[in-house]
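A closer look at the structure
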Amino acid sequence: MMLIPCPWCGPRDAAEFAYLGEPAPRPDPTAASPEQWRGYLYLRHNVAGPGTERWYHRMGCRRHLLVERDTTTNEVRPHRSHVGDES
Amino acid sequence: MDDTTPVARSAISPAPPEIVVACWAVSGRRSTGALTLTDASPLAKVAVRADPDGELAQALGVRFGRTSRRTDALDSVGTDVLVVGSGPGEWLALGAPGRQLALTEQLRGLLERRGRVSGAASAELVTVVDLTHGRALMRLTGPAAAELLGRECAVDLTDAACPDGSALRTAVAGLATDVIRDDWDGTSSYLLHCERSSGQYLFDSLLDAGTELGVDVDGFTTPSARDERRTMYDF
Ligand SMILES: [Zn+2]
């Protein structure tokens, strides 16, 4: 079982979450080229090692959150933007 | 129409004998077992969404993860209302059967009444929705309730992590479920709230998981249906 640290609910089983992957800035839909959209929709860095990921706590608080996960060890930590707001 | 005509049914089929309580067709079975499961769907259920740091949140006075039982002006006839901090900026108010419309109006009026006192109109966006017939609600009671619940979900239910008055949403038997600890007379008791269409499944799966713990179905009752003593359903 992998635990995801939710800033609202505390550590929870990863099965309660939806994995949304690497956060990427959404291009401006009026100005982006088809290539930029394709990159936004389909291309990922897929690093072997620590990276930032977006998860959605669908069975819990229904909030999106960021975590840092090492893809080679599955070590998960709260993202720095959430550190300190765990109650 | 008298009180014995059923006009509502919960998603969970009542264990025989079927009786009518507050216009709901419910199970009239009475269990004296140590671990009981009751379909509490007739209780009024009203969802509230608002800014977690806003005025309504202040008026409700319940933060995410906690519950509060109040007998004040939330319900004009003075019955208890259990206000549950079910999510960030989300509350669930549980009241006596049949009180859902009154409770909805009372909750909608909370901001207005506050505004009249402070003299300032609120610009806060708030939604108050009656979910009574759209959800299933059950109550699991007994010293072994946490042990049974622990077989169906992966959160820490020890007294230290989940004391009386706690509320959390998690997966129970694979369903998104509000778990609300609401002890009665010193006995552990949990309210479980899920989508109506999942109610029968959750009910059955708890009975299945609790077979060797001796879990037994106990019917729904209100104080007037039993005696003058307050019961745990006397919201
Ligand atoms: Zn959460």
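Residues numbered from 1 in each chain as written. Chains lettered and ligands numbered in written order. Predicted model: local features only at pLDDT ≥ 70, side-chain atom pairs only at ≥ 80, totals over all residues. Heavy atoms only, no water.

**Considering the side chain of B:Asp178**
Residue and element names in this part refer to chain B. Note that Asp 178 resides in strand β12 (residues 175–181). According to the relative accessible area criterion, Asp 178 is buried, its value standing at 7%. A polar contact of 3.2 Å, which involves the side chain of Asp 178, links it to the side chain of Arg 169. Leaving out residues up to four positions away in the same chain, Asp 178 has contacts with Ser 86, Leu 168, Arg 169, Leu 191, Leu 192 and His 193. (Helix = DSSP H or I, 4+ residues; strand = E, 2+ residues; numbered from the N terminus. Buried < 20%, exposed > 50% of the residue type's maximum accessible area, 1.4 Å probe, protein only. Polar contact = N/O pair within 3.5 Å; in protein donor to acceptor, adjacent residues only side chain to side chain. Contact = heavy atoms within 4.5 Å.)

**Section: the pairing of strand β1 (residues 3–6) of chain A**
All names here are of chain A. In this sheet, strand β2 (residues 10–13) lies alongside β1 in antiparallel orientation, the contact comprising four bridges. Its bridge partner being in β2, Ile 4 is matched across the sheet by Arg 12. In textbook terms, the turn of a hairpin is the stretch between consecutive antiparallel strands, and for β1 and β2 this stretch comprises three residues. (Pairing = 2+ DSSP bridges.)

**Observations regarding the coordination of the zinc ion**
Residues and elements named next belong to chain A. Protein-derived ligands of the zinc ion are Cys 6 (SG), Cys 9 (SG), His 57 (ND1) and Cys 61 (SG), with the metal-ligand distances lying across 2.0 to 2.5 Å. If you look at the zinc ion, its four donor atoms make angles of 105 to 114° with each other, and the shape they trace is tetrahedral. If you list the donors of the zinc ion from N- to C-terminus, the spacing comes out as C-x2-C-x47-H-x3-C. Of the two residues, Cys 6 is situated in strand β1 and His 57 in the loop between β4 (50–56) and β5 (64–70); the sequence distance between them amounts to 51 residues. Each of the two residues, Cys 6 as well as His 57, counts as buried. (Donors = N, O, S within 2.8 Å, 3.2 Å for Na, K, Ca; no water. Tetrahedral: all angles 85-135°; square planar, octahedral: opposite > 155°, others 65-115°.)

**Quick look at the environment of A:Thr72**
All names here are of chain A. Tracing the backbone shows Thr 72 in the loop between β5 and β6 (76–78). Sequence-wise, Thr 72 and Gly 49 are 23 residues apart; in three dimensions their C-alpha atoms are separated by 5.5 Å. Side chain to side chain, Thr 72 and Asp 70 meet in a polar contact 2.5 Å long.

**So, the pairing of β5(A)**
Residues and elements named next belong to chain A. The buried fraction of β5 amounts to five of the seven residues, a majority that puts the element mostly inside the structure. Where β4 meets β5, seven bridges bridge the pair, whose relative direction is antiparallel. Bridge pairing in β5 places Thr 52 opposite Glu 68. Relative to β6, β5 runs antiparallel, the two sharing three bridges. Residue pairing across strands places Glu 68 opposite Arg 77, the latter belonging to β6. What sits between the antiparallel neighbours β5 and β6 is a turn of five residues, in which Asn 74 has the positive phi angle 65°.

**Points about the sheet that holds β6(A)**
The strands making up a sheet associate through hydrogen bonds between their backbones, and the pairing can be parallel or antiparallel. Residues and elements named next belong to chain A. As summarised here, the arrangement of the four strands in space is β3-β4-β5-β6, forming an open sheet in which the pairing is antiparallel. If you trace the sheet from one side to the other, it starts and ends with β3 (18–21) and β6, each paired once. The mean angle between the axes of side-by-side strands here comes to 40°, regardless of whether they run parallel or antiparallel. (Axes fitted to C-alpha atoms, helices over the stretch in contact; angles between N-to-C directions.)

**Considerations on the domain arrangement of chain B**
All names here are of chain B. Taken domain by domain, chain B consists of domain 1 (8–42 + 134–225) and domain 2 (44–130). Each partner contributes to the interface: domain 1 provides 20 residues, whereas domain 2 provides 15 residues. Roughly 1300 Å² of surface becomes buried between domain 1 and domain 2 when both sides are summed, with 55% attributable to carbon and sulfur atoms. It is Gly 165, Ala 167 and Arg 169 in domain 1 that bury the most area against domain 2; as a group they hold 31% of the surface buried on that side. Linking domain 1 with domain 2 are two salt bridges, by the criterion used here. For Glu 90, the salt bridge is made with Arg 169, and the minimal N-O distance between the two is 2.7 Å. Applying the counting criterion to the domain 1 and domain 2 interface returns eight residue pairs in polar contact (both at pLDDT 80 or more). Taken together, the elements giving at least two residues each to the side of domain 1 that touches domain 2 come down to β10 (135–141), β11 (167–172), β12 and β13 (189–195). Among the elements that take part in the side of domain 1 that touches domain 2, β10 stands out by supplying four residues, more than any other. Residues of the side of domain 1 that touches domain 2, tallied by class, amount to nine nonpolar, five polar and six charged. (Domains from an automatic or database assignment. Buried area = accessible area lost by both parts, 1.4 Å probe. Salt bridge = Lys/Arg side-chain N within 4 Å of Asp/Glu carboxyl O. Nonpolar A, V, L, I, M, F, W, Y, C, P; charged D, E, K, R; others polar.)

**Notes on the sheet that holds strand β3 (residues 24–27) of chain B**
All names here are of chain B. The three strands are arranged β1-β3-β2 in an open sheet whose pairing can be described as mixed. Each edge of the sheet is formed by a strand with only one pairing partner; in this case those strands are β1 (8–9) and β2 (18–21). Note: β2 against β3, four bridges, orientation antiparallel. Across the sheet, Glu 18 pairs through a bridge with Ser 27, a residue of β3.

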